[in-house]
Amino acid sequence: MAQSTAGKQSQQKGSSEQKDRYTAIVQSQDFKRLLAAKKAFIIPLTLFFFIFYFALPLMTAYSKVLNTPFYGSITWAWVFAFAQFIMTWALCMIYTRKAGKFDQMVDEIKQKWAKGGDSQ
């Protein structure tokens with residue numbers, strides 16, 4: 001069945017209001033603070049992860065540093081590889097804790113806008 005013209009106009013008006021509200025939320029100072037906090041946390045953590053992760057294959061391929069014995073017949077390459085597992089778990093725990101704070105910021109933004117919007 002075809003929708004009435006009034007029904008279509010009502011949906012378009014509602015959709016336009018939602019877009020305007022979304023734009024206002026995204027441009028609010030609280031939302032910008034949230035994005036800045038996430039960026040300040042995620043970018044350094046990601047860079048650290050990639051540097052640490054790619055250091056093992058690069059160091060084993062282009063240097064002999066990790067081929068020296070650590071203890072008995074265990075070389076530093078094995079220690080470094082094991083450290084990557086520890087690093088991964090540690091970063092996951094750190095991110096999980098920090099994500100809880102980001103979630104609190106999101107909840108505050110949602111509550112603020114549910115009460116009527118941003119008072120910039």
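Residues numbered from 1 in each chain as written. Predicted model: local features only at pLDDT ≥ 70, side-chain atom pairs only at ≥ 80, totals over all residues. Heavy atoms only, no water.

### Notes on the packing of aromatic side chains
Then, in step 1: This model, assessed by the stated rule, comprises nine aromatic pairs.
Then, in step 2: On the numbers, 5.1 Å between centres and 85° between planes, the contact of Tyr53 with Phe54 is edge-to-face.
Then, in step 3: You can call Tyr53 partly exposed: its relative accessible area is 40%.
Then, in step 4: A ring pair is formed by Phe70 and Trp76, whose centres lie 4.6 Å apart and whose planes are at 75°; its orientation type is edge-to-face.
Then, in step 5: Of the residues examined, Trp76 reaches a relative accessible area of 36% and is grouped as partly exposed.
Then, in step 6: In this structure an aromatic cluster arises from ring pairing among Phe49, Phe50, Tyr53 and Phe54. (Phe/Tyr/Trp six-rings, centres within 6.5 Å; stacked < 30°, edge-to-face > 60°. Buried < 20%, exposed > 50% of the residue type's maximum accessible area, 1.4 Å probe, protein only.)

### Topic: the pattern of salt bridges
Then, in step 1: Applying the stated criterion across every chain yields a total of two salt bridges.
Then, in step 2: Note that Arg33 is salt-bridged to Asp30, the shortest N-O span being 2.3 Å. Here Arg33 pairs with Asp30, and both are found in helix 2 (residues 29-62), just three residues apart, close to one helical turn.
Then, in step 3: The salt bridge partner of Asp30 is Lys112, with a shortest N-O separation of 2.8 Å. (Salt bridge = Lys/Arg side-chain N within 4 Å of Asp/Glu carboxyl O. Helix = DSSP H or I, 4+ residues; strand = E, 2+ residues; numbered from the N terminus.)

### Regarding the nonpolar core
Then, in step 1: Phe52, Ala55, Leu56, Leu66, Ala77, Phe80, Met87 and Leu91 form the largest nonpolar core, which has eight residues in total.
Then, in step 2: Elements represented by at least two residues in this core include exactly helix 2 and helix 3 (76-114).
Then, in step 3: If you tally residues by element for this core, the top one is helix 3, at four residues.
Then, in step 4: Ignoring any residue separated from it by four or fewer positions in sequence, one finds Phe80 in contact with Phe52, Ala55, Leu56 and Leu66.
Then, in step 5: Counting five residues, the second-largest nonpolar core is a separate cluster that includes Leu34, Phe41, Phe102 and Ile109. (Core = buried A, V, L, I, M, F, W, Y, C linked by side-chain atoms within 4.5 Å. Contact = heavy atoms within 4.5 Å.)

### A few points about the packing of helix 2 against helix 3
Then, in step 1: Running from N to C, helix 2 and helix 3 cross one another at 170°; their axes reach a closest spacing of 11 Å. The orientation of helix 2 relative to helix 3 falls into the category roughly antiparallel. (Axes fitted to C-alpha atoms, helices over the stretch in contact; angles between N-to-C directions. Parallel < 35°, antiparallel > 145°, perpendicular 65-115°, else oblique.)

### Quick word on helix 3
Then, in step 1: Look at helix 3: 55 Å from first C-alpha to last across 39 residues, which is about the 57 Å you get at 1.5 Å a residue.
Then, in step 2: Phi for Gly116, located one or two positions after helix 3, is positive at around 130°. (Expected span 1.5 Å × (residues − 1).)

### Topic: a nonpolar patch on the surface
Then, in step 1: A contiguous nonpolar surface patch, about 590 Å² in accessible area, is contributed by Phe50, Tyr53, Phe54, Leu58 and Tyr62.
Then, in step 2: Residue placement: Phe54 occurs in helix 2.
Then, in step 3: Accessibility expressed as a relative area gives 41% for Phe54, which makes it partly exposed. (Patch = residues over 30% accessible without salt bridge, like charges linked within 9 Å, V, L, I, M, F, W, Y side chains within 5 Å. Areas by Shrake-Rupley, 256 points an atom, 1.4 Å probe, with all protein chains shown as cover.)

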